[in-house]
Amino acid sequence: MLHLKFALNLENLADEMIDALGKCWTDPFDSPIVIFPDPKIEQWFRLRYIAKCGVLANLEIVTLDKFLFRYLTQGDTSKQKLTADILCNVLIAYLNESYSAKSKSIPKEIKKYLYKKSGESFSGEIDESKLFDFARTLAGLFLEYETSRPGGFISPLQNKHHEGLLAYWKEGELRDFFSDKGRVLPKEKWQRDVYAQLFHNAGGKSLLTRVFEATHKRTGSDTEYLTIPYLFSQQTDSSQWKKPVFIFSLSGMGQFYRVILQRFAQEHDIFAFIQNPCMEFWEDVGNRAVTRWSKKDEPSRIALPAVQDSATEEGLAQNENLLLKNWGRTGRENIRLWCLASDYTFDFVGYEYAPDSLLHQVQYLVSHRLNRFDDSEVAPESISPEFDRSLTLTAAPSSLREVENLHTQVCLLLKQGVRLDEMIVIAPELDAYRTPIEQVFNAAPRDSEFYIPYAITDYPEKDSLIGKAIANLLDIHQQRSISRPAFFDLVKNPVVQSTLQITDSDVAAWEKW
């Protein structure tokens, strides 16, 4: 069963999950499965747990992808996930063999992109610098098609493609999925044909089957590389799974993953703790006093949009909070889909923000779906921006200037008495900031009183930056050419940037060429 709980405040949400974990976790050597959206949230939750309970040991934490694969394979280590890298290498070999100069049936789109031009005509020679990019993109698309367009996610009344892509690109029965009578997509035919060559055994062994058989003959390995959608289609028994699963603050999730979790919840317990920034944002229920909802409370307007790619939402009030209206669609859809999965049975933990600072004022308005404080509300006292630093926005021309401003803000906080262990900096794309961080925070010698100690907590676990640079150079040498992605992977490496004195401004300028 899916046990769904929403909370307005992330701290309250964490406390609710800590209490629920305590009830389920009876054996210290056999913990429930816990899924976090990223390592930063996980680390924050660990600190919260330790502050509340004192000790946290042996908690089994996995990513959503690893959990689903483990569940579908029942822990069979001979089965491994088919990755885009493996698929890319197979595609490169196939394209070199099938789309050579001797081939007569090359799709126009592929010929236009892959082949070198000789004057106004094509030379018949594949451009090696584009081949890897093309194969990698196609491999990613094939895997994305399977997971983002599954069967069983939407009802037949909402979309004719409710069976999912795999039912249309089926072995021995290939049909158009993306195209329809009024809109024919030429790309679909050749993509579907390449997909069939990779995965289908009709008319002979598929490319992947031949590759895996050759690998087994050479190494003796019995490893099978499979996709999650294929495993799901073949699963017959999941009764061996005994552990409950906890999901914390997972906002973005592929449609197919939701289908699997719903199947899992039919026989097992899933406890989902999801943050909701607005008291009513799952739908316009208009009743803030209710904290426990069930199927009878389902608003009549709830339904997935008829057009999934619509840029606007229907049914939002004209005076809807502008932050929610302009940037809340993804969160709104996430809340709606979780509600659908639980059949509108969930708990809600509210929280009242006292409007005593700029940050709390914004949170209060979002939670109550307001744009300004009404006359009926107790209007907060005006706070001078000079003294209220609870929420600030800073524009900077480059990542280096951003980090310099960050360093200044840290110094101001230290001057106010805030300790370093009470500060945390979150960056959505940390790789772009590694070099500026090193440059700014290491400007002062370590033995200087002006040096601010810091730690970057999510460096890659397996590969060092030097190791990545060496691997990039070896790949370039092996390919005997350097593709655009390979070049930028190399010059964005902080070690390479520091050694060759490359700045982010240089890289940004090169990307425009």
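Treat the numbers as computed from the prediction; the structure is a model and nothing was measured.

Focus on the overall build of the protein chain
Each helix and strand in the protein chain was counted, giving 20 helices and 13 strands. Sorting the 513 residues of the protein chain into buried and exposed places 37% on the buried side. Sequence-distant contacts, at least 24 apart, represent 68% of the contacts inside the protein chain between residues at least 6 apart. On the protein chain, roughly 30,600 Å² of surface is accessible, and the fraction owed to carbon and sulfur atoms is 53%.

Details of the confidence of the model for the protein chain
Chain-level pLDDT for the protein chain is 75 on average; 77% of the residues reach the 70-or-more range. Ignoring residues within four places in sequence, the model shows residues 284–289, a span with pLDDT below 50, making twelve contacts including any to other chains.

Notes on helix H15 (residues 399–415)
Taking 1.5 Å of rise per residue, 17 residues should cover 24 Å, and H15 covers 24 Å from first to last C-alpha, within 8% of that figure. If you check which residues of H15 are buried, you get Ser 399, Val 403, His 407 and Val 410. The buried residues of H15 all sit within an arc of 90° when viewed along its axis, so they share a single face. Those residues of H15 that are buried lie in contact with helix H16 (434–441) and helix H20 (504–511). The first or second residue beyond H15 is Gly 417, which carries a positive phi of 100°.

Focus: the packing of helix H1 (residues 10–24) against helix H2 (residues 39–53)
The geometry of H1 relative to H2 is characterised by a closest axis approach of 10 Å and an angle of 65° between their N-to-C directions. With respect to the hand of their crossing, H1 and H2 are arranged in right-handed fashion. Contacts between H1 and H2 involve Leu 10, Glu 11, Ala 14, Asp 15, Met 17, Ile 18, Asp 19 and Leu 21 from the former and Trp 44, Phe 45, Arg 48, Tyr 49, Lys 52 and Cys 53 from the latter.

Structural notes on unusual backbone geometry
Non-glycine residue Ser 249 carries a positive phi angle of around 55°. Along the chain, Ser 249 falls in the loop between strand E10 (245–248) and helix H11 (255–265). For Ser 249, a relative accessible area of 15% gives the class buried. Within the chain, Gln 501 stands out as a residue other than glycine whose phi angle is a positive 60°.

A closer look at the side chain of Asn 472
When you line up the elements, Asn 472 lands in helix H17 (residues 465–479). A relative accessible area of 19% means that Asn 472 is categorised as buried. Not counting the four nearest positions on each side in its chain, Asn 472 is found in contact with Asp 489 and Leu 490.

Regarding H17
With 15 residues, H17 extends 21 Å between its outermost C-alpha atoms, agreeing within 8% with the 21 Å of an ideal straight helix rising 1.5 Å per residue. Residues Leu 465, Ala 469, Asn 472 and Ile 476 constitute the buried set of H17. When H17 is viewed along its axis, its buried side chains cluster within an angular range of 60° and face the same direction. Among the exposed residues of H17, those pointing more than 90 degrees away from its buried face are Ile 466, Leu 474, His 477 and Gln 478. Packing partners of the buried residues in H17 comprise H16, helix H18 (484–491) and helix H19 (494–500).

Some words on the pattern of salt bridges
Counted by the stated rule, this structure contains eleven salt bridges. Taking the shortest distance from any N to any O, the salt bridge between Glu 16 and Lys 5 comes out at 2.9 Å. One end of the pair, Glu 16, is in helix H1; the other, Lys 5, is in strand E1 (residues 2–7), and eleven residues separate them in sequence. Exposure remark for Glu 16: the relative accessible area of 25% places this residue in the partly exposed category. In this structure Lys 5 comes out as buried when scored by relative accessible area, which is 18%. Among the ionic pairs, Arg 419 bridges to Glu 422, the shortest N-O distance being 3.3 Å. One salt-bridge network, in which partners are shared between bridges, spans Asp 30, Glu 60, Arg 70 and Lys 243.

Some words on the nonpolar core
Of all hydrophobic cores here, the largest spans 40 residues; its most connected members are Phe 6, Leu 64, Phe 67, Val 245, Ile 247 and Trp 338. A total of seven residues in this core trace back to one element, the largest contributor, which is H11. Counting 26 residues, the second largest nonpolar core, distinct from the first, contains Val 90, Leu 131, Phe 142 and Tyr 145.

Quick look at the packing of aromatic side chains
The relative placement of two aromatic rings is captured by the distance of their centres and the angle of their planes. Inspection of the entire model under this criterion finds 17 aromatic pairs. Relative to Phe 199, the ring of Tyr 195 has its centre 4.7 Å away and its plane inclined at 40°; by these criteria the two rings are tilted. Highlighted residues: Tyr 195 and Phe 199, both in helix H8 (residues 186–199), separated by four residues, approximately one helical turn. Joined through ring pairs, the aromatic side chains of Phe 36, Trp 44, Phe 45, Tyr 49 and Phe 248 make up one cluster.

Considering the environment of Val 418
Of note, Val 418 is situated in the loop between H15 and H16. With a relative accessible area of 24%, Val 418 lands in the partly exposed category. What Val 418 contacts, discounting residues up to four positions off in sequence, is Leu 413 and Met 423.

Details of the environment of Glu 128
Mapped onto the fold, Glu 128 is located in helix H6 (residues 128–148). By relative accessible area, Glu 128 is classed as partly exposed at 41%. Setting aside its immediate chain neighbours within four residues, Glu 128 contacts Asn 96 and Ser 481.

As for the pairing of E10
Burial along E10 is two-sided: Val 245 and Ile 247 and Phe 246 and Phe 248, pointing in opposite directions, are all buried. Looking at chain direction, strand E2 (residues 33–35) and E10 are connected through three bridges and run parallel. Bridging from a neighbouring strand, Ile 33 pairs with Val 245 of E10. Where E10 and strand E11 (residues 270–275) come together, four bridges link them in parallel fashion. Bridged to Phe 248 within E11 is Phe 273. With H11 bridging E10 and its parallel neighbour E11, the resulting β-α-β unit is right-handed.

Rules of the game
All residue numbers here refer to positions counted from 1 along the written sequence of the relevant chain. Confidence filtering applies because this is a predicted model: local features only for residues at pLDDT of at least 70, side-chain atom pairs given and counted only at 80 or more, and all residues used for totals across whole chains, interfaces and linings. To get the side-chain values, take all heavy atoms of the structure and skip hydrogens and water. Secondary structure elements follow DSSP: runs of H or I no shorter than four residues count as helices, runs of E no shorter than two count as strands, and numbering proceeds from the N terminus. Working definition: with a 1.4 Å probe on protein chains only, accessible area under 20% of the residue-type maximum means buried, over 50% means exposed, and in between means partly exposed. In what follows, residue pairs with any heavy atoms lying within 4.5 Å of each other are defined as contacts. Here the open area of atoms and residues is found with the Shrake-Rupley method and a 1.4 Å probe, where only the protein chains shown may cover a residue. For every residue, the predictor assigns a confidence score, pLDDT, that lies between 0 and 100. To estimate the expected span of a helix, count its residues, drop one, and scale the result by 1.5 Å. Arc definition: directions from the helix axis to the C-beta atoms. Lines fitted to C-alpha atoms define the axes here, with helix axes fitted over just the stretch in contact, and angles between the N-to-C directions of these axes take values from 0 to 180 degrees. Here a crossing is taken to be left-handed if its near helix is turned anticlockwise relative to the far helix by less than a right angle, and right-handed if that turn runs clockwise. For this document, the term salt bridge refers to a Lys or Arg side-chain nitrogen within 4 Å of an Asp or Glu carboxyl oxygen. Residues grouped as a nonpolar core are buried Ala, Val, Leu, Ile, Met, Phe, Trp, Tyr and Cys residues, joined through side-chain atoms within 4.5 Å. Any two of the Phe, Tyr and Trp rings considered here, Trp counted by its six-membered ring, make a pair once their centres fall within 6.5 Å; the pair's planes then place it as stacked at under 30 degrees, edge-to-face at over 60, or tilted in between. A pair of strands is treated as paired once DSSP finds two or more bridges between them. Note on handedness: a clockwise path from strand one over the helix to strand two, with the strands aimed away from the viewer, defines a right-handed crossover.

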